[in-house]
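Examining the three-dimensional arrangement
Read off the chains here:
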Amino acid sequence: MTLIPGEIRTSSALGYARRYVVRQFNNAIRNPAIGGEAFVQLNIKPQNVDIHVSDMRTFYKCRRKHLFQTMYGLRRKYAAPSPALYTGSLYHTIRQHATISGGIAGGLFAADAIHNQTVHDLMTQVNDIGLLPGGKNWAYVLADMDDCLSKAKTMASWSYNRKPWPPPEEVDDWEILGVEQVIRARIPVIRYWARVKLDLVVRQKSTGHVWIVDYKTIGDPPAEAVKQYMFDEQPRLYTAVAHKAYEQYGGVQGFIYSVISRPTIRLKKNQSFEDYLLEIEEWYEGKGRHDDKLAARIKEPLYLLQPLHYASHLDDEMLFTLKEYKMALKARPDLPRFGRNKDACFDYNSRCPYWDLCTDDELLWPTTLADRYESVPHRDTEDQNILEVTL
């Protein structure tokens, strides 16, 4: 008799029921038609993907969204990007290219190029009355996207020039080992793979210690956010994987968080970027008096550089979480198993992109899927220069 992972051999009725439930949930995908005939008609099949922390968070927030987004790879056609995510993505792009090129100018140019391409792709879908598919006003969407670009550029420029890391006097003591480094790790205990992407990996020559530098853009004061990172799945998994990948240097000590608050000030009409940057600098340094809400926040620093140590191995709690999520990835993708969570329908002050599928009758899904969604390959297919390790 072959035991299912986590199964307890027992002859009791309870034990039999438990084995049946585990077997059903852990069943490999046999029939991609499960989850609606519409997926079969449009030839949309579940994808085999590695464990990603972001996908795991989606699963625990809303299983139905995880089914559509991660397993089926559904994306809303011509959807305007979320302002918070778009700002963070552009900020990461600027910091990445600035590190590679050795100057902020290269990062700003890369962000402009990505923004212009995104705007061009969306503009092709604007109808005669200025609306995007789904009814959003293109003028408002473009204004929000331009605002995101302005904020990302000012955030990156200020932090790169005013709060450089490493400090000028320590530049020669730090060595860059990797930028946007992807590592694929086999975890034998759960018999599955996990994949991580590290913003920046550095080594301090004087101590020999290796650190992961992680850029975060948030809406709250950084000090509050950092308190939550100690028990977050991302640094715990990333540190264990990176420790194995860089064991020739003695492993990894942990994370150095570079956390910055997103500005609340928008670029004014006809305001130059230089004037806007000066205004943002005053905001970060607590010299501005733009609104009453700022007074309470200015008591906390709006930028924080904080090192945190993490264990070099996966503890039992983390392994259990990974094993549980692996079972979900391998489960048959039927709707009852991947239920909805109403608390996630309006996350980040915006409606979930899969709202139409959740609210429409399944009989309407073929039309809804064809008109409003597309299935795209998982981002795993875009990764290059991948390191592979076994934990």
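Presented here is an overview of the structure given in this document. Keep in mind the model is a prediction, meaning the values are calculated, not measured. (Residues numbered from 1 in each chain as written. Predicted model: local features only at pLDDT ≥ 70, side-chain atom pairs only at ≥ 80, totals over all residues. Heavy atoms only, no water.)

In terms of residue burial, strand β3 (residues 192–204) counts as a mostly covered element, since ten of its 13 residues are buried. Pairing analysis gives twelve bridges linking strand β2 (residues 174–187) to β3, with the strands arranged antiparallel. Bridging from a neighbouring strand, Ala-185 pairs with Ala-194 of β3. The antiparallel pairing of β2 with β3 creates a hairpin that spans four residues between the two strands, and Arg-191 there sits at a positive phi of about 55°. (Buried < 20%, exposed > 50% of the residue type's maximum accessible area, 1.4 Å probe, protein only. Helix = DSSP H or I, 4+ residues; strand = E, 2+ residues; numbered from the N terminus. Pairing = 2+ DSSP bridges.)

With that out of the way, let us pick up the packing of aromatic side chains. In the structure shown here, the tally under the stated rule is 14 aromatic pairs. Aromatic rings pair up to connect Tyr-229, Tyr-238, Phe-255, Tyr-257 and Tyr-310 into one cluster. The positively charged end of Arg-184 is found above the aromatic ring belonging to Trp-193, 4.0 Å away from the centroid. Over the ring of Tyr-229 we find Lys-216, and its NZ or CZ is 5.5 Å from the ring centre. (Phe/Tyr/Trp six-rings, centres within 6.5 Å; stacked < 30°, edge-to-face > 60°. Lys NZ or Arg CZ within 6 Å of the ring centre and 35° of its normal.)

Two elements in contact, helix α3 (residues 53–61) and helix α9 (residues 233–245), have axes whose closest approach is 10 Å; the angle formed by their N-to-C orientations is 145°. For α3 against α9, the interelement crossing comes out right-handed. Where α3 abuts α9, its residues Val-53, Met-56 and Arg-57 lie against Glu-233, Gln-234, Leu-237 and Tyr-238. Tallied by class, residues from the contact of α3 with α9 come to four nonpolar, one polar and two charged. (Axes fitted to C-alpha atoms, helices over the stretch in contact; angles between N-to-C directions. Left-handed = near helix turned anticlockwise from the far one by under 90°. Contact = heavy atoms within 4.5 Å. Nonpolar A, V, L, I, M, F, W, Y, C, P; charged D, E, K, R; others polar.)

The topology assignment puts His-52 in the loop between α2 (37–41) and α3. Once residues lying within four places of it in the same chain are set aside, the contact partners of His-52 are Arg-195, Tyr-325, His-378, Arg-379 and Asp-380.

Let us look at empty space enclosed by the protein. Scanning the entire structure with this criterion turns up one cavity of 30 Å³ or more. Space inside the largest cavity adds up to approximately 30 Å³. Taken together, Arg-95, Trp-165, Val-213, Tyr-215, Ser-258, Tyr-303 and Leu-305 form the lining of the largest cavity. Listing elements by their share of the lining of the largest cavity, those giving two or more residues are β4 (210–218) and β6 (303–309). Across the lining of the largest cavity, the residue classes break down as five nonpolar, one polar and one charged. (1 Å grid on protein atoms, 1.4 Å probe; cavity = no way out; pocket = protein on both sides within 12 Å on 5 of 7 lines; lining within 4 Å. Points joined across faces, edges and corners; volume = space filled by probe spheres on them.)

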